[in-house]
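Commentary on secondary and tertiary structure
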Amino acid sequence: MLETRSLVAKYGTLTALADISLKLEPGVRLGVFGHNGAGKTTLLRCLVGAHAPASGEVEFDGRPVEAGHVATNVRRGIAFVPQGHNVFPNLSTEQNLRISGLLFDQSFMAEILKIFPVLAERRKQRAGSMSGGEQQMLALGMALMTQPKWLLLDEPSTGLAPVIVRNVMARLKSINESLGTGLVIVEQNVPATLKTVDRALILKSGRVVFSGTAEELSGSPNLWEWF
Ligand SMILES: Nc1ncnc2c1ncn2[C@@H]1O[C@H](COP(=O)(O)OP(=O)(O)OP(=O)(O)O)[C@@H](O)[C@H]1O
Ligand SMILES: [Mg+2]
């Protein structure tokens, strides 16, 4: 279980998150939405320990997620894919995967190449020369090399063509179903994400204004009024 209790996050005097309490059961797929500046990235950063809460708690499997100890938190099973293509451009696909899995089971690479056949085809290719969609798949593969229990993704569809977005979303869902990896997906692309997730959260100025099932939100006649 990944949990926050009365989480408050600040940047100086600015309150980015106010009183966020979340309980994420293992294997859940959560979509996090909200306008620019709503606090979505800050929430992910608090969940992986990259930003220290001003008050409140973040817990993973009953123990605190210690802020400032991202590497430890990743080893415990929380993987974070920040926005943008986070690959080493001058290394090959295979070298990128190897580096990310350095402290983990390298043989898991075979599984990842099965999930993303395009990466198997591009195994020896320099990552920087691959398309945006391929680099996004590689970034996901790199995060998966740590065999996480939770995968936190900050706007994974940015810059991708609609057909590639559908492909990325489908892969995420199948990873969740086959490996049981919990997903927290921050997205601007609400319709595509609602097809992939089972729960949804909408943030507005650092507060939760909607929390419920993806079905409830997609069925809501005035979906955009929440924003
Ligand atoms: N490093 C920082 N220093 C100061 N203020 C920050 C910093 N990072 C974020 N903020 C502020 O905190 C608030 C929440 O930012 P956050 O990045 O979490 O929003 P977001 O929902 O991810 O937005 P976007 O959709 O634009 O990515 C914003 O008002 C932002 O300006
Ligand atoms: Mg953001």
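A brief structural summary. Computed from a predicted structure; not experimentally measured.

With that settled, consider the overall build of the protein chain. Of regular secondary structure, the protein chain possesses nine helices and 10 strands. In terms of C-alpha radius of gyration, the protein chain reaches 17 Å, essentially the compact-globule figure of 17 Å for 227 residues. Principal-axis analysis of the C-alpha atoms places the extent of the protein chain at approximately 45 × 40 × 30 Å. Counting the 227 residues in the protein chain, one finds 50% classified as buried. Pairs at least 24 residues apart make up 66% of the contacts formed inside the protein chain by residues separated by at least 6 positions. Of the roughly 10300 Å² of accessible surface on the protein chain, a fraction of 53% belongs to carbon and sulfur atoms. Charged side chains in the protein chain number 23 positive and 20 negative. The centres of these two groups are separated by 5 Å.

Our focus in this paragraph is the sheet that holds strand 9 (residues 199-204). Strand order in the open sheet formed by six strands is 6-7-8-3-9-10, and the pairing between neighbours is mixed. The outermost strands of the open sheet, each flanked by one partner alone, are strand 6 (78-81) and strand 10 (207-213). Within this sheet the neighbouring strands show an average axis-to-axis angle of 15 degrees, counted without direction. For strand 6 and strand 7 (residues 150-154), the ladder comprises four bridges, and the chain directions are parallel. The residue bridging Ala 79 from the neighbouring strand is Leu 151, located in strand 7. Those strands touched by helix 6 (residues 132-144) are strand 6 and strand 7, and its axis lies near 160 degrees from that of strand 6. Where helix 7 (residues 162-179) meets the sheet, it contacts strand 3 (29-33), strand 7 and strand 8 (182-186), and its direction lies at approximately 155 degrees from that of strand 8.

In an α-helix, one turn spans 3.6 residues; hence positions three or four apart end up facing the same way. Most of helix 1 (residues 40-48) is tucked away: seven of the nine residues are buried. Listing the buried residues of helix 1 in full gives Lys 40, Thr 42, Leu 43, Leu 44, Cys 46, Leu 47 and Val 48. Residue Gly 49 follows helix 1 closely and has a positive phi angle near 85 degrees.

For the rest of this paragraph, the subject is the layout of surface pockets. For the largest pocket, the calculated volume is near 370 Å³. Residue lining of the largest pocket: 20 residues in total, with Phe 80, Asn 86, Ser 100, Met 142 and Ala 143 positioned closest to the centre. Those elements giving two or more residues to the lining of the largest pocket turn out to be helix 2 (70-76), strand 6, helix 3 (93-100) and helix 6. When the residues that make up the lining of the largest pocket are grouped by side-chain class, the tally is 17 nonpolar, three polar and no charged. What the second largest pocket holds in volume is close to 170 Å³. Among the elements that line the lining of the second largest pocket, the one with the most residues is helix 7, at six residues.

For the coordinates displayed, the defined rule picks out two aromatic pairs. Taking the centre distance of 5.0 Å and the plane angle of 40 degrees together, the rings of Trp 224 and Phe 227 count as tilted. By relative accessible area, which is 14% here, Phe 227 ends up buried.

Mapping Glu 59 onto the fold places it in strand 4 (residues 55-60). Separated by 2.9 Å, the side chains of Glu 59 and Arg 5 make a polar contact. When sequence neighbours within four positions are dropped, the list of residues in contact with Glu 59 reads Met 1, Leu 2, Glu 3, Arg 5, Pro 64 and Val 65.

A separate point is the sheet that holds strand 4. With antiparallel pairing, the four strands of this open sheet are ordered in space as 2-1-4-5. Among the strands making up the open sheet, the edge pair consists of strand 2 (14-24) and strand 5 (63-64). In this structure, strand 1 (residues 2-11) lies alongside strand 4, joined through five bridges in antiparallel fashion. Across the sheet, Arg 5 pairs through a bridge with Glu 57, a residue of strand 4. On the sheet, helix 1 packs against strand 1, strand 2 and strand 4 and is oriented at approximately 120 degrees with respect to strand 1.

Moving on, we come to the nonpolar core. Ranked by size, the top nonpolar core spans 43 residues in total, and within it Phe 116, Leu 151, Leu 172 and Leu 194 carry the most contacts. It is helix 6 that provides the largest number of residues to this core, a total of seven residues. Residues contacting Leu 172, with those up to four places away along its chain left out, are Leu 140, Leu 151, Leu 153, Leu 183 and Ile 185. The next biggest cluster of nonpolar side chains, apart from the first, holds 26 residues, and it includes Leu 7, Ile 20, Ala 38 and Val 184.

Conventions we followed
Residues numbered from 1 in each chain as written. Chains lettered and ligands numbered in written order. Predicted model: local features only at pLDDT ≥ 70, side-chain atom pairs only at ≥ 80, totals over all residues. Heavy atoms only, no water. Helix = DSSP H or I, 4+ residues; strand = E, 2+ residues; numbered from the N terminus. Rg over C-alpha atoms; globule rule 2.2 N^0.38 Å. Buried < 20%, exposed > 50% of the residue type's maximum accessible area, 1.4 Å probe, protein only. Contact = heavy atoms within 4.5 Å. Areas by Shrake-Rupley, 256 points an atom, 1.4 Å probe, with all protein chains shown as cover. Lys, Arg positive; Asp, Glu negative; His and termini not counted. Charge placed at Lys NZ, Arg CZ, Asp CG, Glu CD. Pairing = 2+ DSSP bridges. Axes fitted to C-alpha atoms, helices over the stretch in contact; angles between N-to-C directions. 1 Å grid on protein atoms, 1.4 Å probe; cavity = no way out; pocket = protein on both sides within 12 Å on 5 of 7 lines; lining within 4 Å. Points joined across faces, edges and corners; volume = space filled by probe spheres on them. Nonpolar A, V, L, I, M, F, W, Y, C, P; charged D, E, K, R; others polar. Phe/Tyr/Trp six-rings, centres within 6.5 Å; stacked < 30°, edge-to-face > 60°. Polar contact = N/O pair within 3.5 Å; in protein donor to acceptor, adjacent residues only side chain to side chain. Core = buried A, V, L, I, M, F, W, Y, C linked by side-chain atoms within 4.5 Å.

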